[in-house]
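Here's the letter readout for the chains.
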Amino acid sequence: MKPRPTRLVIFGEISLLAAALAVAAVLAPDADWNLPVLLILGALAILSDLRAIPITARQVKASASFLAIVATATLLGAAPALIVALATILATWVASRYDLGDLLINLVTYATFTVAAGATFDIVRDELALGPDEAGYYLLLFAVFMGALAIDFTMIAAYTAYVERSSFLTRLRTAFVPIIPTEAVSALLTLGIAFAYHQVGVAAVALFGIVLVTFQTLLRELLISQERASELEVRAKQLAGFQVALLSALLRTLDLRDRMTARHSAAVARYARELA
């Protein structure tokens, strides 16, 4: 049975989620409620998370949902991004019905890094008077993306280490550090979405979304095909080994009945193993 968090931990999670919702409510009037952009990025986040690519070696899933949420937080604000984040988590949970404890920590984590990313970006951008035509604007976006990623992995790793009584640092080292280069590329894609939005408009965001979802779907199907091919290869080797073992057993049976054929049977068995 999977270990469960204590009531105190659950209370802390609910309190943190409530705090994130309260901050988002305070910031909501100053947000940019651009409905087309919100719907496009929301659809990208949800569809991408539903079609996430499982990475068995790292025990994580790869999708463009994080990219879409951070893009929403920086382009529209914390409150619209929080709607996208919570809708993404709930949609994935409805589709897979995983453990409620995991659902709660996912809601808390996504709410926390989403509100932190949106609020931080807006405050620093306004303080430094950065505009989308300046390099500093995109450097700030990159930094906010990586900061939100650090919050995400730190909270999930801490919770998992607590529940499973494992090492927090080991989880960070094995799950977070190896994907930093890949996530840096995702941050650059987020910069591309922001730049295209400010230069071209909503159509560019829609095009980016279609390309990302299509690419992820094709990559997912390719990985599934490769996994099935590997399974078939393993099964074929197992079947070949079984056939050789069966042949060897039959030849040994013949040897017991007729010693004159023993040497010939052994040679046949050796050739069969080499052919397999």
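Refer to the preceding data block for the structure.
The notes below deal with the structure included here. Please read these numbers as outputs of a predicted model, since none were measured by experiment. Here the residue numbers are simple positions, counted from 1 along each chain's written sequence. Under the rules for a predicted model, residues below a pLDDT of 70 receive no local features and side-chain atom pairs below 80 are neither given nor counted, while totals for whole chains, interfaces and linings still include all residues. Side-chain calculation: all heavy atoms of the structure are included, whereas hydrogens and water are not.

Only runs of H or I of at least four residues qualify as helices and only runs of E of at least two qualify as strands under DSSP, and these elements are numbered from the N terminus. Secondary structure assignment for the chain yields ten helices and two strands. Burial classification: accessible surface area is computed with a 1.4 Å probe over protein chains only, and a residue below 20% of its type maximum counts as buried, one above 50% as exposed, and the rest as partly exposed. In the chain, which comprises 276 residues, the proportion classed as buried is 39%. Contacts in the chain between residues at least 24 apart in sequence constitute 69% of all its contacts with a sequence separation of at least 6. Counting only carbon and sulfur atoms, one obtains 68% of the accessible surface of the chain, whose full area is about 15,900 Å². Residues are treated as being in contact if the distance between any of their heavy atoms lies within 4.5 Å. Note on areas: Shrake-Rupley, 1.4 Å probe, and residue coverage restricted to the protein chains presented here.

For the rest of this paragraph, the subject is the packing of helix α3 (residues 65-75) against helix α6 (residues 135-164). Direction vectors running N to C along α3 and α6 enclose 130°, while the axes themselves pass 11 Å from each other. In terms of orientation, α3 lies oblique with respect to α6. The element α3 and its partner α6 pack so that their crossing is right-handed. When α3 is examined against α6, the residues Phe66, Leu67, Val70, Thr74 and Leu75 are found in contact with a partner set consisting of Tyr137, Leu141, Val144, Phe145, Ala148, Leu149 and Asp152. Axis angles are defined between N-to-C directions and span 0 to 180 degrees, where every axis is a line fitted to C-alpha atoms and, for a helix, only to the segment in contact. For classification purposes, an angle smaller than 35 degrees is called roughly parallel, one larger than 145 roughly antiparallel, one from 65 to 115 roughly perpendicular, and anything else oblique. Less than a right angle of anticlockwise turn of the near helix away from the far helix marks a crossing as left-handed, whereas a clockwise turn marks it as right-handed.

Attention shifts here to unusual backbone geometry. A positive phi angle is found at Arg97, which is not glycine, with a value near 55°. By the secondary structure assignment, Arg97 is in the loop between α4 (78-96) and α5 (100-128). Note on Arg97: relative accessible area 54%, which makes it exposed. Phi at Ala129 is positive, roughly 55°, even though this residue is not glycine. You can see Ala129 is positioned in the loop between α5 and α6.

Attention now goes to the environment of Asp32. The residue Asp32 is located in the loop between α1 (7-27) and α2 (35-50) in this model. On the accessibility criterion, Asp32 (35% relative accessible area) is partly exposed. With 41 residues separating them along the chain, Asp32 and Ala73 place their C-alpha atoms 9.9 Å apart. Setting aside anything within four residues of it in sequence, one finds Asp32 in contact with Leu75, Leu76, Pro80 and Tyr197.

By themselves these figures say nothing about function.
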